[in-house]
Each structure stands twice: as structure tokens, then as C-alpha cells.
Amino acid sequence: MKRLSTQGRAALKLIVIGGVLTFLLLFWVSLSLKKQLQPNPRQKVVLRQRYSPFEHERAWRDMEALLKLGPRPIGSEAALQQRNYLAREVQAAGLRIRKAPFTVSGAPLVNLIAMVEGSLPETIILCTHCNTPSNAPEGYVGAQRDTSGAAWLLEMARALGPKRMGASVWCVWLEGNPGMEDAPLAGAEALLQMLQQEKERTIKAIIAISAIGDCFLQVHRTPNESEWLANALWGTAQRLNYGRHFSHATRKLNRSVWTALRQAALPTALLSDFAYGGSVLEHKNFWNHPNDTLDKLCPESLQAVADVLYHALPIMDSYAASISVQYK
């Protein structure tokens, strides 16, 4: 057998190296695809203990009650029933409630505000939206996107109680919805207008909560959030061993309720899971889809977010006094 020439050996070497690199590339691609298409069980919340008075079982029952109403677009009977349910439960918990009415395209809307009285003069707002889009697909009820935040905030109001040591807390359910063509930012804009008109200088921060019931919880950072608020929340998550569910990766925001809140001259932060389900494929099949149903959610995720917020509040209390709010 003739020996390979130097040129032939070089070519063979390149072929072998190319084959090895191709194999490694395909192996890496297959791992990446597997990661994207298959849920990671480590991303599910495991409760070793409850770190706050928040009761996720009761929040879950609220989820069930709200979802039984079906779609809840503004102006609908179901939206009115939801508003009455929230108000009734807030009052039953002994909290003072304020109804802040406004109108959009002739439709009467109301932002509900449950007021937790604090020992300090400052106030922190926790808010969420609670309606389903008027242009949603048939059969859509929005368990994760439009209901988890509303049920979570109700139980958080109960957990905080009528009074607390620290800043006062307003728990606000904003009517309107990011997916609506006619009033995408209605509730948030109405809230900011109310604060502006009343020259409400006690408000020192706004924290928005949305889509936090996903079994595979992953709360992301967002652009232009207030650093001290984010540090209080993400640092607390790490301290309570929920760090894997509070990612430091930043997700951009589309025009929505939350971007409207960012227009205020107030520190803001958003707690939201932007990736529904445990994979890219699940997100595509669940988000803004009739598949967004209660069986995709886990009460443990509601508890994790509540524990973090509950223990981050005292840290926020210490910063709030130094925030100066000026209205034109």
C-alpha cells in the first residue's frame, strides 16, 4: 500500500478534525434543543417551609373562584362580579377599601384599593391587573396572565392585615388590560392621574405583580427598574433560598400597564414570569392562549413570591423615607 503524501495526510487530518467538531456542534445543539423543549424539574418551586402569613391554599381557592367567572373583559357582567368578589373579600379581612372610578370609551371602570395602614408616613403600592382582554381567543380565561396576580394580591392583603409596622401599603387591582385595543393602559394611567391630582407625596414606590403562578417559576429583572427595589427583592429571594426562581437576566417590556407605571416619577419594579411553562414550546402553547388554565399553575409559586415580597417590605421601609416625590 502506498503511503499517503504529506498533502493527503493533512487533508485526512482536516476531515477528522472537521468530523469531531461537527459531532460536538450537533451534540451541543441537541442539548440546547432538549433544554428548550423539555421542562427542567429543578425550576419547580419546592416549599421547605412558609416564610410569611400568606396562605397559598387560600390564594388558590381565590384563583378557582375568579376563573369560574370565565372571561372578564371590562364592561362585562363577569368583570363586575370579580370586582364585587375582591371588594367583599378585602372588607371581610378588615381592610379599608377605596374605589377609584374612571371611564374608558364610555365604559365605567374602577380601580380597587385595599389600604393597609402603616406606622410610618410613607406608602408603597402593590398592584396588578385583573381583567382579561376583550380581543382574547375564544375559551381564554387567563389563569397565569390575568388571574394569578389578582388572586395573589388578595391573599397578600390578608397577610399584611389592616395594620403593619412600617410604611402603609396600597394593594391595587387595576382594571383594563395590556391586550385590549381600546384601553391597554387604562387602569395604570388612571392610578397615576389620581396620584397627580391629589398630590399624593406619601407614595414612595410602586411594585407591579403579574403572571406569577407558573409551576416553573422564573421571575426576571426588567430595564430601568429602581436598583434599591430590585436589590431588596432579589436579595431577599436569595436569602430565603428562592434564588433559582429570581433570575438576574433582564427581559425587555412591550408597551403595557407596567411601562405606563414607569412614566411616574416614582421608583418602580415588576415581579413577573415572562416564560410560561418549562420550555419554549410550552410558552408558545400556553401564553395568551386558551391553554392558559389552572392546571398549568402551582400554589407553591404564589407562596414563593409572597414570601419574598413580605420580607423585602421592611427593607423597602428603610429606604422609603429618603425618596422625594414632586408633582408638577
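Quick summary incoming for the structure in this document.

Definitions and limits used
- Residues numbered from 1 in each chain as written.
- Predicted model: local features only at pLDDT ≥ 70, side-chain atom pairs only at ≥ 80, totals over all residues.
- Heavy atoms only, no water.
- Helix = DSSP H or I, 4+ residues; strand = E, 2+ residues; numbered from the N terminus.
- Buried < 20%, exposed > 50% of the residue type's maximum accessible area, 1.4 Å probe, protein only.
- Pairing = 2+ DSSP bridges.
- Axes fitted to C-alpha atoms, helices over the stretch in contact; angles between N-to-C directions.
- Parallel < 35°, antiparallel > 145°, perpendicular 65-115°, else oblique.
- Left-handed = near helix turned anticlockwise from the far one by under 90°.
- Contact = heavy atoms within 4.5 Å.
- Nonpolar A, V, L, I, M, F, W, Y, C, P; charged D, E, K, R; others polar.

## Points about unusual backbone geometry
- One non-glycine residue, Lys 199, adopts positive backbone phi at about 50 degrees.
- Considering the arrangement of structural elements, one finds Lys 199 in the loop between helix H5 (186–197) and strand E6 (203–210).
- The phi torsion at Asn 288 lies on the positive side, around 55 degrees, for a residue other than glycine.

## A few points about the pairing of strand E5 (residues 168–174)
- For E5, a buried count of seven out of seven residues is recorded, marking the element as mostly surrounded by other parts of the structure.
- Here E5 shows two buried faces, one formed by Ser 168, Trp 170, Val 172 and Leu 174 and the other by Val 169, Cys 171 and Trp 173.
- Here five bridges tie strand E2 (residues 107–118) to E5, and the two strands are oriented antiparallel to one another. Within E5, the position partnered with Ile 113 by the bridge is Val 172.
- As paired elements, strand E3 (residues 123–129) and E5 share seven bridges and run parallel to each other. Residue pairing in the sheet places Cys 127 in a bridge with Val 172 of E5.

## A look at the pairing of strand E1 (residues 96–104)
- Bridge count for E1 against E2 is nine bridges, and the pairing is antiparallel. By the bridge assignment for E2, Ala 100 is matched with Asn 111.
- Hairpin connection of E1 to E2: two residues between the antiparallel strands, including Ser 105 at a positive phi of 50 degrees.

## Digging into the packing of helix H2 (residues 56–67) against helix H4 (residues 143–160)
- Put simply, H2 and H4 touch, their axes get as near as 9 Å, and they point 135 degrees apart. Considering the angle they form, H2 stands oblique to H4. Here H2 runs over H4; the crossing is right-handed. Note on element contacts: H4 touches H2 through Ala 143, Thr 147, Ser 148, Ala 150, Ala 151, Leu 154, Glu 155 and Arg 158, opposite Arg 58, Ala 59, Asp 62, Met 63, Leu 66 and Leu 67.
- The class makeup of the residues in the contact of H2 with H4 is eight nonpolar, two polar and four charged.

On their own, these measurements won't tell you what the molecule is for.
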